[in-house]
Amino acid sequence: QVQLVESGGGLVQAGGSLRLSCAASGRTISSYAMAWFRQAPGKEREFVARITWGGGRTYYADSVKGRFTISRDNAKNTVYLQMNSLKPEDTAVYYCAATKVYRATMVMADDYDYWGQGTQVTVSS
């Protein structure tokens, strides 16, 4: 079983950047598809980005496309989310997620089996 720990969140002004990290332990992440989700107060958890097992393909929610970049370093057992041009509507708790199982959509929270505890990102206007 893999354990995930996110870091890198914080308070940033609109237009700024942050890089989130998701450090895995217990298992190597090379056998897991990885994703980032976020959840704002009073809203459901939503898909942000995902990356395939080998890192060859990435997928993004329309709301972050062109601003966020997901990447993985299997040697460091870490996944990253580079967030640029941040907007106040990006404010949320960001979660890292993993699964070994390929599912039809891979963009729903239920598609992932392992989760970190989350890291808060707050973007001020």
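Here, every reference points to the structure presented above.
Residues numbered from 1 in each chain as written. Predicted model: local features only at pLDDT ≥ 70, side-chain atom pairs only at ≥ 80, totals over all residues. Heavy atoms only, no water.

*Asks:* Account for the overall build of the protein chain, naming residues and giving values.
*Replies:* When its secondary structure is counted, the protein chain shows zero helices and 11 strands. Starting at the N terminus and ending at the C terminus, the protein chain contains elements arranged as β-β-β-β-β-β-β-β-β-β-β. Against the compact-globule benchmark of 14 Å for 125 residues, the protein chain has a radius of gyration of 13 Å, which places it among compact chains. Put simply, the protein chain has 125 residues, and 44% of those count as buried. Summing over all exposed atoms, the protein chain offers an accessible surface of approximately 6,200 Å²; the carbon and sulfur share of this is 48%. Here the protein chain contributes 14 positively and 10 negatively charged side chains, and the mean placements of these two sets differ by 6 Å. (Helix = DSSP H or I, 4+ residues; strand = E, 2+ residues; numbered from the N terminus. Rg over C-alpha atoms; globule rule 2.2 N^0.38 Å. Buried < 20%, exposed > 50% of the residue type's maximum accessible area, 1.4 Å probe, protein only. Areas by Shrake-Rupley, 256 points an atom, 1.4 Å probe, with all protein chains shown as cover. Lys, Arg positive; Asp, Glu negative; His and termini not counted. Charge placed at Lys NZ, Arg CZ, Asp CG, Glu CD.)

*Asks:* How would you explain the environment of isoleucine 29 if you had to name every residue and give the values?
*Replies:* The topology assignment puts isoleucine 29 in the loop between β3 (18-25) and β4 (33-39). For the pair isoleucine 29 and asparagine 77, spaced 48 residues apart in the sequence, the C-alpha separation amounts to 5.7 Å. Setting aside anything within four residues of it in sequence, one finds isoleucine 29 in contact with Ala24, Met34, Arg72, Asp73, Asn74, Asn77, Thr78 and Val79. (Contact = heavy atoms within 4.5 Å.)

*Asks:* Kindly report on the environment of tyrosine 32, identifying the contributing residues and their values.
*Replies:* Counting through the fold element by element, tyrosine 32 comes out in the loop between β3 and β4. On the basis of relative accessibility, which here comes to 2%, the residue tyrosine 32 falls in the buried class. C-alpha separation for the pair tyrosine 32 and alanine 109, spaced 77 residues apart in sequence, amounts to 15 Å. Not counting chain neighbours up to four residues away, the residues in contact with tyrosine 32 comprise Val2, Arg27, Trp53, Arg72, Ala98, Thr99, Lys100 and Tyr114.

*Asks:* Outline the sheet that holds strand β8 (residues 78-83), supporting the account with residue identities and numerical values.
*Replies:* If you walk across this open sheet you meet the four strands as β1-β3-β8-β7, and the pairing is antiparallel. The open sheet has two edge strands, β1 (3-7) and β7 (68-73), and neither has a second partner. Between one strand axis and the next, the sheet turns through 15° on average, direction left out of account. Two strands pair when backbone bridges link them, and β1 and β3 are joined in this way by five bridges, in the antiparallel orientation. Directly across from valine 5, in β3, lies its bridge partner alanine 23. (Pairing = 2+ DSSP bridges. Axes fitted to C-alpha atoms, helices over the stretch in contact; angles between N-to-C directions.)

*Asks:* Could you give an account of the packing of aromatic side chains, naming the residues involved and the relevant values?
*Replies:* As enumerated under the stated definition, the model contains six aromatic pairs in all. An angle of 70° between the planes, with centres 5.5 Å apart, marks the rings of phenylalanine 37 and tyrosine 112 as edge-to-face. One end of the pair, phenylalanine 37, is in strand β4; the other, tyrosine 112, is in the loop between β9 (92-99) and β10 (114-115), and 75 residues separate them in sequence. Per residue, the accessibility class of phenylalanine 37 equals that of tyrosine 112, and both read buried. Between the aromatic rings of tyrosine 95 and tryptophan 115, the centroid separation amounts to 6.4 Å while the plane-to-plane angle is 80°, which identifies the pairing as edge-to-face. With tyrosine 95 in strand β9 and tryptophan 115 in strand β10, the pair connects residues that are 20 residues apart, well separated along the chain. Given the relative accessible area of 13%, tyrosine 95 is considered buried. Of the aromatic side chains, those joined through ring pairs into one cluster are Phe37, Phe47, Tyr95, Tyr112 and Trp115. (Phe/Tyr/Trp six-rings, centres within 6.5 Å; stacked < 30°, edge-to-face > 60°.)

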